[in-house]
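Observations on the three-dimensional arrangement
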Amino acid sequence: MQNITRLFDFPYYQLEKYNLENSLSTKYGDKWVSTSTKEYIDKANTISRALLRLGIKADDKIALISLTNRTEWNIMDIGILQLGAQNVPIYPTISEEDYAYVLNHSEAKYCFISCAEVYEKIIAIKDQVPSLIEVYSFDELSTCKNWTELLELGEDTSNQDEVEKRKNDVKTEDLATIIYTSGTTGRPKGVMLSHENLVSNALESFKRIPIKLGTSKSLSFLPVCHVYERMLIYLYQYCGASIHYAPIDKISEFAQEVKPNVMTAVPRLLEKVYDKIIAKGADLTGIKKKLFFWAVDVGLKYEPYGQNGWWYEQKLALANKLIFSKWKAALGGELSVMASGSAALQPRLARVFNAARFGVMEGYGLTETSPVVSVNDMRKGGFKIGTVGKPLERTEVKIADDGEICIKGPQVMMGYYKDDVKTAEVLKNGYFHTGDIGEIDADGFLKITDRKKEMFKTSGGKYVAPQLLENRFKQSRFIDQIMVVGEGEKMPAAFIQPDFDFVREWAKRYKIEITTNQDLVTNEKVIARLQEEVEAANESFAKWEKVKQFRLTPDVWSIESEHLTPTMKLRRKIVKQKYIELYNDIYEH
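Let us look at the structure shown here.

**With respect to the side chain of R572**
- Mapped onto the fold, R572 is located in helix α20 (residues 572-578).
- For R572, a relative accessible area of 16% translates into the label buried.
- One polar contact links R572 to E470, side chain to side chain, over a distance of 2.9 Å.

So, in structure tokens, the structure goes:
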């Protein structure tokens, strides 16, 4: 196998180096079904032959939409890419309107979907997409063609020579995929990524992940339509790690079955895991409870490389033996590295999970950078809490005069599909302008301080960085979601979605009667208790940054109700509009 230059080279490389019996594994019902490397490639070639017979040409677009990660997605991905066509992955949770927009904008010829839920959305807008010839489902649906029809259509190998010719025609600089960013405002943008963009990112990121070649097991549950998880899927194939797919609501259950060595995470997930662990600890009594919180306290003081000294390391070893080992057992007991990305990780979570030997390594990237720009690595002093690590090799990070992070490297996108104007706004002199504000410290570690577009000035002319405030406030058990507001106003304020389950438990302990969410957010005792949390969090900030007022919201903020993007980022304009009455009440407009 020569050097990997195209995405479909990864499984062939795996076949030559590792030839896994369980390259890809998906659980259907209560049974795991594994696909070997050989079977993976054979099925991908079968799909390629079938797509040729359907008339697919180089540069045609094929959409993939799956509610959960599954083996079929990978087989389709390679089958599409081998022909020089492009895979357009779509978030399953977006609105019907956005489905229609993405399918029309990409001019998708075919669409492969996972299940009935996605099919309902697609069928509702299919007539609005003139380019769309047919829809196929992975699950068996009585009203939709099944993808196995393609496996039958491609059984005849007489056109495999044509597949080989198409493969040979694909160059590393060719377009591989268009990924539509969820966007906190406006229509999604189609990020064009070449084979080289993603291949280079997988190969350079591989150097930062301690992984045993040919024997490691990975658990994949973050949406594979997101470039972060997708790039890692190629990376896992490169290092011979078997991939096991799990639905996001069954991570612990599946992890105990698979016993993974590596998986990805987003801060939101780690926050939820930590809160659940603390809630269980709070239910303990006596010496067990004291030991539990002693261990947590030790974990929250963690520094890497023994910086806290010999005595701390002794206490940490005891905390791991008595308490943290049970945390690890809940995720199979074998986890050695968790790559965290997508949003800022609270330093306290980095401390406690690394104290417990989960190997949580925070990185930074964007869809436009395929995605990784930098990432921490425990080896060779490459880990510093509160940073996103050092830039990858072959990646240049420049901080502009206004603090904006600018990136140059082989992972930087080709541009936005059919949008030269927006492309020119962010790609200047070979550098991608990220819209993030950051700094590089004396040791070469990159630190993100805020989104350039999200920073605002109060009427007093002081800058406020809302993400910094929000991350500190979310350390409270009482707060599930928060959005800091106050652009052009006299002081910062916030909308807060309480952690309804936790607040109800707290209310029960104090015999406070609450029936509905509306009761909860208007209850004077609840508001007073939240005020204490706000005041405690405010202590970390300068006078002009402090949140002077807040209002509680009765809704659970979600993707479906458009508070959040599919990657769990705040849709700030929409959230503000939803709660404009509360906003006006705060500022008395």
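**Focus: the nonpolar core**
- Counting 116 residues, the largest nonpolar core has F112, L219, Y236, F324, W327, F353 and F358 as its most contacted members.
- A total of nine residues in this core trace back to one element, the largest contributor, which is helix α9 (residues 227-238).
- Ignoring sequence-local partners within four residues, the contact set of F358 consists of W327, K328, L331, L335, S336, V337, M338 and F353.
- Among the nonpolar cores identified, the runner-up in size contains 29 residues, and Y99, C115, V129 and C144 belong to it.

**Brief notes about the pattern of salt bridges**
- On inspection of all chains with the given rule, the structure shows 32 salt bridges.
- With a shortest N-O distance of 3.4 Å, E164 and K167 are connected by a salt bridge. Residue E164 and its partner K167 are located together in helix α7 (residues 160-169), separated by three residues, close to a single helical turn.
- Relative accessible area serves as the criterion here: at 9%, K167 is assigned to the buried category.

**Looking at the pairing of strand β18 (residues 404-408)**
- For β18, a buried count of four out of five residues is recorded, marking the element as mostly surrounded by other parts of the structure.
- Relative to β18, strand β17 (residues 396-399) runs antiparallel, the two being bridged by four bridges. Residue pairing for β18: V397 is matched across the bridge by I407.
- Linking two consecutive strands that pair antiparallel, namely β17 and β18, is a turn of four residues; a positive phi of about 90° is found at G403 within it.

**As for helix α10 (residues 251-258)**
- Those residues of α10 that sit buried are I251, F254, A255 and V258. Along α10, the residues classed as buried sweep out an arc of 105° about the axis, all on the same side.
- After α10 finishes, the residue K259 shows a positive phi value of roughly 55°.

**So, the packing of helix α12 (residues 286-299) against helix α13 (residues 310-329)**
- Taken N-terminus to C-terminus, the directions of α12 and α13 make an angle of 120°; their axes are 9 Å apart at the nearest point. Here α12 is positioned oblique relative to α13, judged by the angle of their axes. The interaxial crossing formed by α12 with α13 has left-handed handedness. Between α12, through L291, F292, W294, A295, V296, V298 and G299, and α13, the contact on the second element is made entirely by Y312, K315, L316, L318, A319, L322, I323, F324 and W327.
- Here the contact of α12 with α13 is composed, by residue class, of 14 nonpolar, one polar and one charged.

**Topic: the sheet that holds strand β11 (residues 242-245)**
- Pairing in this open sheet of nine strands is mixed, and the strands run β2-β1-β11-β10-β12-β13-β14-β15-β16 from one edge to the other. Every other strand in the sheet has two partners, leaving β2 (31-35) and β16 (390-391) as the edge strands with one partner each.
- Across four bridges, strand β10 (residues 217-220) lies against β11 in parallel orientation. When the sheet's bridge partners are listed, K217 is paired in β11 with S242.

**Observations concerning the sheet that holds strand β27 (residues 549-552)**
- Spatial strand order, β25-β26-β27: three strands in an open sheet with mixed pairing. Strand pairing shows two members of the sheet lacking a second neighbour, β25 (479-485) and β27, which therefore form its edges. Across the sheet, the axes of successive neighbouring strands diverge by a mean angle of 25°, strand direction being ignored.
- Note: strand β26 (residues 493-498) against β27, four bridges, orientation parallel. Paired with I496 across the two strands is L552, which belongs to β27.

**Some thoughts on unusual backbone geometry**
- Of note, the amide linkage connecting S370 to P371 takes the cis form, showing an omega dihedral of -10°.
- Along the chain, the position of P371 falls in the loop between β14 (360-365) and β15 (372-375).
- Notably, R394 is not glycine yet its phi reads approximately 70°, a positive angle.
- The residue R394 is located in the loop between β16 and β17 in this model.

**Side note on the packing of aromatic side chains**
- In total, this model carries 20 aromatic pairs according to the counting rule given.
- Grouped by ring-pair contacts, the aromatic residues F10, Y13, F206, Y234 and Y238 constitute a single cluster.
- For K27, the ring lying beneath its charged end belongs to F254, and the centroid distance is 5.0 Å.
- The ring of W544 has K462 lying over it, and the distance from NZ or CZ to the ring centre is 4.5 Å.

Calculation rules
- Residues numbered from 1 in each chain as written.
- Predicted model: local features only at pLDDT ≥ 70, side-chain atom pairs only at ≥ 80, totals over all residues.
- Heavy atoms only, no water.
- Helix = DSSP H or I, 4+ residues; strand = E, 2+ residues; numbered from the N terminus.
- Buried < 20%, exposed > 50% of the residue type's maximum accessible area, 1.4 Å probe, protein only.
- Polar contact = N/O pair within 3.5 Å; in protein donor to acceptor, adjacent residues only side chain to side chain.
- Core = buried A, V, L, I, M, F, W, Y, C linked by side-chain atoms within 4.5 Å.
- Contact = heavy atoms within 4.5 Å.
- Salt bridge = Lys/Arg side-chain N within 4 Å of Asp/Glu carboxyl O.
- Pairing = 2+ DSSP bridges.
- Arc of directions from axis to C-beta.
- Axes fitted to C-alpha atoms, helices over the stretch in contact; angles between N-to-C directions.
- Parallel < 35°, antiparallel > 145°, perpendicular 65-115°, else oblique.
- Left-handed = near helix turned anticlockwise from the far one by under 90°.
- Nonpolar A, V, L, I, M, F, W, Y, C, P; charged D, E, K, R; others polar.
- Phe/Tyr/Trp six-rings, centres within 6.5 Å; stacked < 30°, edge-to-face > 60°.
- Lys NZ or Arg CZ within 6 Å of the ring centre and 35° of its normal.

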